[in-house]
Amino acid sequence: MSLSASAVAAASAAWVWTPPDAEVVEGDECTILRLPDYVDFDLSVVSFTPAGPLGPAVDAVLERARAFGLPTLDWQVLIGYPAALAAELSARGGRVKLDLEVLAVDLSQGAPRLRPPTVGVSPVWATDFATARDGAAVGVTGFGGELPPDEQIEELAARSAKAVAAGEGGMVVAYVDGEPAGTGSVKVADGVARLSGGAVAPSWQGLGVYRAVLDARLSYGVAYGATMALVKANAATSGPILRKSGFTPFGPEPVYAVPLRELPGTSVPGS
């Protein structure tokens, strides 16, 4: 089975990451998340379905976001969104904060065969506090932010233990010589293995640790019925590795940082 662009776009749009301690504000045309302090994003648009003209719809989202009193709104332009959205955000002072691209691979015939790492890697699912903390620490080295409080890591480990056993996914941590070297998560939903959070500690990069984490997640997805693996990858870091591992690119999904306070000289079309 070859993956269609429409199927990948639909799977991408359906993928909304909502931490359990995030504040969710839903409207008729958008959903905004106020993320916890330990995440390196404060305020984010996670869905946008304008029913009318694009410009006024964008302005309505920004006005709603200003109620949080924060300086910036992060807005990911999904591949299924209106083609002119990026220009609308740029016109309002938005700048690309993160250059992401959607990549996918067909799993209907099993996971692709990956080149093994050049070091001994032991993948462990984060179903206990120590492993979950190790994975979170590696994630901080790759994505910034801060370690969540211990109580939240304990909750994460407890949820992960149930989810991994139920075939819903979880976080895997790769150890090399007993040291946490890499991490990544998978969520299996609607036949799609959603891969996220792939990171490798700086001292272990270039040795195939990322591929080992990827292989563990793909194998898990296949075991629990996924026929597609989907990643929203950093175009400059994990993107090239995923392409070499059999993933096909389906389009960019950049994250724009849009100021919520008026910038000198910024003009908005129609204002």
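Located above this text is the structure these notes cover.
Residues numbered from 1 in each chain as written. Predicted model: local features only at pLDDT ≥ 70, side-chain atom pairs only at ≥ 80, totals over all residues. Heavy atoms only, no water.

A. Spatial organisation of the pattern of salt bridges. Within this structure, the stated rule accounts for six salt bridges. Arg-92 is the partner of Glu-88 in a salt bridge, and the nearest nitrogen-oxygen pair spans 2.6 Å. By the burial criterion, Glu-88 is buried, and Arg-92 matches it. Taking the shortest distance from any N to any O, the salt bridge between Glu-101 and Arg-243 comes out at 2.7 Å. Placement of the pair is Glu-101 in strand E6 (residues 100-106) and Arg-243 in helix H7 (residues 238-244), with a sequence separation of 142 residues. Overall, Glu-101 belongs to the buried group, its relative accessible area being 10%. The exposure class assigned to Arg-243 is partly exposed, which follows from its relative accessible area of 42%. Three or more residues are tied together by salt bridges with common partners; here these are Asp-59, Glu-88 and Arg-92. (Salt bridge = Lys/Arg side-chain N within 4 Å of Asp/Glu carboxyl O. Buried < 20%, exposed > 50% of the residue type's maximum accessible area, 1.4 Å probe, protein only. Helix = DSSP H or I, 4+ residues; strand = E, 2+ residues; numbered from the N terminus.)

B. Representation of the nonpolar core. The biggest cluster of nonpolar side chains holds 31 residues, and the ones touching the most others in it are Leu-195, Val-209, Leu-214, Ala-229, Leu-242 and Phe-247. Sort the elements by how many residues they give to this core and helix H6 (residues 209-223) lands first, with eight residues. Other than its neighbours up to four places away in sequence, Phe-247 contacts Leu-103, Ala-104, Val-105, Leu-195, Leu-214, Leu-218, Ala-229, Val-231 and Leu-242. One finds Leu-62, Leu-70, Val-77 and Leu-89 within the second-largest nonpolar core, a separate group that totals 22 residues. (Core = buried A, V, L, I, M, F, W, Y, C linked by side-chain atoms within 4.5 Å. Contact = heavy atoms within 4.5 Å.)

C. Main features of a negative patch on the surface. On the surface, Asp-21, Asp-150, Glu-151, Glu-154 and Glu-155 cluster together into a patch of negative charge. Relative to the helices and strands, Asp-21 resides in the loop between helix H1 (5-14) and strand E1 (23-26). Residue classification places Asp-21 among the partly exposed positions, given a relative accessible area of 32%. (Patch = residues over 30% accessible without salt bridge, like charges linked within 9 Å, V, L, I, M, F, W, Y side chains within 5 Å. Areas by Shrake-Rupley, 256 points an atom, 1.4 Å probe, with all protein chains shown as cover. Lys, Arg positive; Asp, Glu negative; His and termini not counted. Charge placed at Lys NZ, Arg CZ, Asp CG, Glu CD.)

D. The packing of aromatic side chains, seen in detail. Taken as a whole and assessed by the stated rule, the structure comprises four aromatic pairs. Their ring planes at 80° and their centres at 6.0 Å tell us that Phe-48 and Tyr-81 sit as a pair that is edge-to-face. Here Phe-48, found in strand E3 (residues 43-48), pairs with Tyr-81, found in the loop between strand E4 (72-76) and helix H3 (85-91); they are 33 residues apart in sequence, far enough to count as distant. Counting every residue linked through ring pairs, the aromatic cluster contains Phe-48, Trp-75 and Tyr-81. (Phe/Tyr/Trp six-rings, centres within 6.5 Å; stacked < 30°, edge-to-face > 60°.)

In short, geometric facts, not functional conclusions.
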